[in-house]
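Observations on the three-dimensional arrangement
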Amino acid sequence: MSQAMQKNDDLVMIRDITFISKAENLLPTIHQTIIKAQNIITLVNDPKAVHGWSAKVISPATVYFNQSFQAGESFIIDFGQHGVGYLSLLCDAVGSPPDAPAHIKFTFAETLGELAEPFSQYQGWLSKSWLQEHDEYIDVLPAQITLSRRYCFRYLKIEIVSLSPKYNLTFKDLEFKTVSSAPKYCIECQTQDPQLAKIDQVSVHTLRNCMQEVFEDGPKRDRRLWLGDLRLQALVNNVTFKQHDLVRRCLYLFASHRREDGMVSANIFVKPQIIADDTFLFDYSLFYIDVLYDYFMATSDHNTVKELWPIALQQIDIALKRCDEYGLVVDSDDWWSFIDWHEKLNKQGASQGVLIYCLDKAIKLSQTFQPEISSNLQQKLDFVKHAADQLWDDKSGFYISGAQRQVSYATQIWMILADVGDRNHQQKLMNKLLLTPPDIGMNTPYLRHHYILALLKVGMKKQAIDEIKAYWGKMVEYGADTFWELFDPNDLNYSPYGNKIINSYCHAWSCTPAWFIRQHSL
């Protein structure tokens, strides 16, 4: 995915009032939990820590708040855990009567690195407005303050920017009211491996914080319903919170706003009103089928799936129009398929795999909801699956992608998940991938999820467990209490957006170890 955004000023969208109404009737209950400030900390240069910073505890927060603060002073609060919600506090004056307003600056951070780098120096290509900061001017003291905006953080820096010299400030009753549509109860994890148990705990916390009125991709940045993230969140939800109505709501939301040809959008805005974004991704639209299939497997909700099945089927028809006369997905400059954040990744080969994978799921759904077309869908599957053979390169022993015949992790992973070739062929391919990894690697937990899935598919359970521990376990070692949007163990500052502080450090597509651990009894 390049940095160029799709701008479709003349886009015509289908808007289905019935589906909107059904989605709105499935609005979840939002649960609230109060988190108190734990400690006052200071930042310490630490080359071994992620982004080069660790925390040193100065004192418990309750002790620190007994003192007053003058203009120019600041302090950092550690709430002890990552949360999503609303901040409130009581500010009061000490000394002479306040003869000027108090100016306080709040900086909210998921990681210590966000506090170490001044937001004023941010040069990334995503909007700076996503950086979490707030200036409060208080004319009358004492004042009970509740910030109206929802924030996503573990650390909070409070700076007393300006006061009159005649008085100081005190802070009392500081509370962080966290919100989530996930219930307090979660199915208990049964693993006997302590490291996997910790990874599971962080995975569940990640999902919980992303469960709001919809399954958000990241509660700090975007804060939207993305189809690719929903697909993975729904899997984890199936084995943890079982909030199937939230998945159902999201399926209706995607169905409610579609492009004129029926293609579902990659993501949905829900406020101030429900509207689809004008971003359309080849792979994400196909994954609507997969989400619907997994929802049916989890719930046996025949009525909902029957109602949405025609929309799922449309995604196949639209995707097949992208194929040439031989059944191969056409690679050109006029399409967008996500697959992974990698500026050099060619998407053709992996997208062929996604098409095959989702066609197979469509056939399984058709056998229940439209059996008369199952045979025709099978012919289409055979056609595009046979076309994938054109991508095999005997010389390299890998599948290639694009005119440059690129070899990547993504293409091999998706050919295995698409069940191209027999099991022996797939095992040989995975072994070769392990022994001679290609230059075009994996940059996100999103693609890493599919890599784990491919390992399990070919029977490499031990290697899958080792990879979960090496990748997500490394984030835990670095202090993550929610899993990150992006993680390259060899480049801790990696960001496709031009600056690491805009990255999301609680991200939906990163929560899937809990599904692997529970679903596959790891």
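Up top is the structure these notes are about.
Quick summary incoming for the structure in this document. None of these values were measured; they are calculated from a predicted model.

**Observations concerning the packing of aromatic side chains**
Across all of its chains, the model carries 34 aromatic pairs by this definition. When the centroid spacing of 5.3 Å and the interplanar angle of 75° are considered together, the rings of F282 and W335 count as edge-to-face. Here F282, found in helix α7 (residues 282-299), pairs with W335, found in the loop between α8 (302-320) and α9 (348-369); they are 53 residues apart in sequence, far enough to count as distant. Neither residue differs from the other here; F282 and W335 are each classed as buried. Seen from their ring centres, Y478 and F487 are 6.4 Å apart, and the 75° between their planes marks the pair as edge-to-face. By relative accessible area, F487 is classed as buried at 2%. Members of the aromatic cluster, each reached through a chain of ring pairs, are W125, W226, Y284, F338, W341, Y446, Y497 and W509. If you follow R448 out to its NZ or CZ, it ends over the ring of Y471, 4.0 Å from the centre.

**Quick notes on unusual backbone geometry**
Where the residue is not glycine, phi is negative for most of them; where a peptide bond is considered, it is trans in most cases. Cis geometry is found at the peptide bond from L141 to P142, where omega equals 0°. Counting through the fold element by element, P142 comes out in the loop between β7 (133-138) and β8 (143-146). With an omega of 5°, the peptide bond between K271 and P272 qualifies as cis. The phi dihedral of D173 is positive, around 50°, even though this residue is not glycine. You can see D173 is positioned in strand β10 (residues 167-180). Even without being glycine, R405 reaches a positive phi, approximately 55°. If you trace the backbone, R405 turns up in the loop between β16 (398-399) and α11 (409-417).

**Re the nonpolar core**
Core analysis: the biggest nonpolar cluster contains 142 residues, and Y284 and Y288 have the highest contact counts within it. Judged by nonpolar contacts, the second largest core, of 33 residues, contains Y64, L89, L147 and F153.

**Considerations on the state of the cysteines**
Considering all chains together, one arrives at zero disulfides under this definition. Between C152, a cysteine without a disulfide, and C506, which holds the nearest cysteine sulfur, the sulfur-to-sulfur distance is 5.4 Å. Looking at C511, it has no disulfide partner, and the nearest cysteine sulfur is the one in C210, 6.9 Å off. Residue C511 is classed as buried on the basis of its relative accessible area of 0%.

**Examining the packing of α11 against helix α13 (residues 445-457)**
The geometry of α11 relative to α13 is characterised by a closest axis approach of 9 Å and an angle of 45° between their N-to-C directions. Put simply, α11 runs oblique to α13. Crossing hand, α11 versus α13: left-handed. Within the contact between the two elements, α11 uses Y409, A410, I413, W414, I416 and L417 and α13 uses L447, H450, Y451, L453, A454 and K457. Of the residues that constitute the contact of α11 with α13, the class distribution is 10 nonpolar, one polar and one charged.

**Side note on α11**
When you tally the buried positions in α11, you get nine out of nine residues, the bulk of the element. Turning to α11, its buried residues number three or more, namely Y409, A410, T411, Q412, I413, W414, M415, I416 and L417. Of the surrounding elements, those touching the buried residues of α11 are α5 (227-238), α7, α9, β16, α12 (423-435) and α13. Count one or two residues on from α11 and you reach D419, which has phi positive near 65°.

**Remarks on the pairing of β8**
Side chains on a regular strand alternate between the two faces of the sheet. Along β8, the buried face is formed by A143 and I145; none of Q144 and T146, which line the opposite face, is buried. Pairing of strand β5 (residues 74-95) with β8, which is carried by four bridges, proceeds in the antiparallel orientation. By the bridge assignment, C91 is partnered in β8 with A143.

**Quick look at the pattern of salt bridges**
Evaluated as defined, the whole model comprises 31 salt bridges. Here D135 makes a salt bridge to K105, at a shortest N to O gap of 3.4 Å. In this pair, D135 is assigned in strand β7 and K105 in strand β6 (residues 102-109), connecting sequence segments 30 residues apart. The closest approach of N and O atoms between R231 and D290, which form a salt bridge, is 2.6 Å. Highlighted residues: R231 in helix α5 and D290 in helix α7, separated in sequence by 59 residues. This pair shows no difference in class: R231 is buried, exactly as D290 is. Residues participating in the shared-partner salt-bridge network are R221, D222, R224, D277 and E485.

**Topic: empty space enclosed by the protein**
Tallied over the full model, the rule gives two cavities of 30 Å³ or more. In this structure, the largest cavity spans a volume of roughly 70 Å³. Partitioned by chemical class, the residues of the lining of the largest cavity number seven nonpolar, three polar and two charged. Of the voids in this model, the second largest cavity is the one considered here, and its volume is about 40 Å³. Contributing to the lining of the second largest cavity are A234, N238, H244, V247, V291, D294, Y295 and A298. Elements represented by at least two residues in the lining of the second largest cavity include exactly α5, α6 (244-256) and α7.

Cut-offs and rules
Residues numbered from 1 in each chain as written. Predicted model: local features only at pLDDT ≥ 70, side-chain atom pairs only at ≥ 80, totals over all residues. Heavy atoms only, no water. Phe/Tyr/Trp six-rings, centres within 6.5 Å; stacked < 30°, edge-to-face > 60°. Helix = DSSP H or I, 4+ residues; strand = E, 2+ residues; numbered from the N terminus. Buried < 20%, exposed > 50% of the residue type's maximum accessible area, 1.4 Å probe, protein only. Lys NZ or Arg CZ within 6 Å of the ring centre and 35° of its normal. Core = buried A, V, L, I, M, F, W, Y, C linked by side-chain atoms within 4.5 Å. Disulfide = S-S within 2.5 Å. Axes fitted to C-alpha atoms, helices over the stretch in contact; angles between N-to-C directions. Parallel < 35°, antiparallel > 145°, perpendicular 65-115°, else oblique. Left-handed = near helix turned anticlockwise from the far one by under 90°. Contact = heavy atoms within 4.5 Å. Nonpolar A, V, L, I, M, F, W, Y, C, P; charged D, E, K, R; others polar. Pairing = 2+ DSSP bridges. Salt bridge = Lys/Arg side-chain N within 4 Å of Asp/Glu carboxyl O. 1 Å grid on protein atoms, 1.4 Å probe; cavity = no way out; pocket = protein on both sides within 12 Å on 5 of 7 lines; lining within 4 Å. Points joined across faces, edges and corners; volume = space filled by probe spheres on them.

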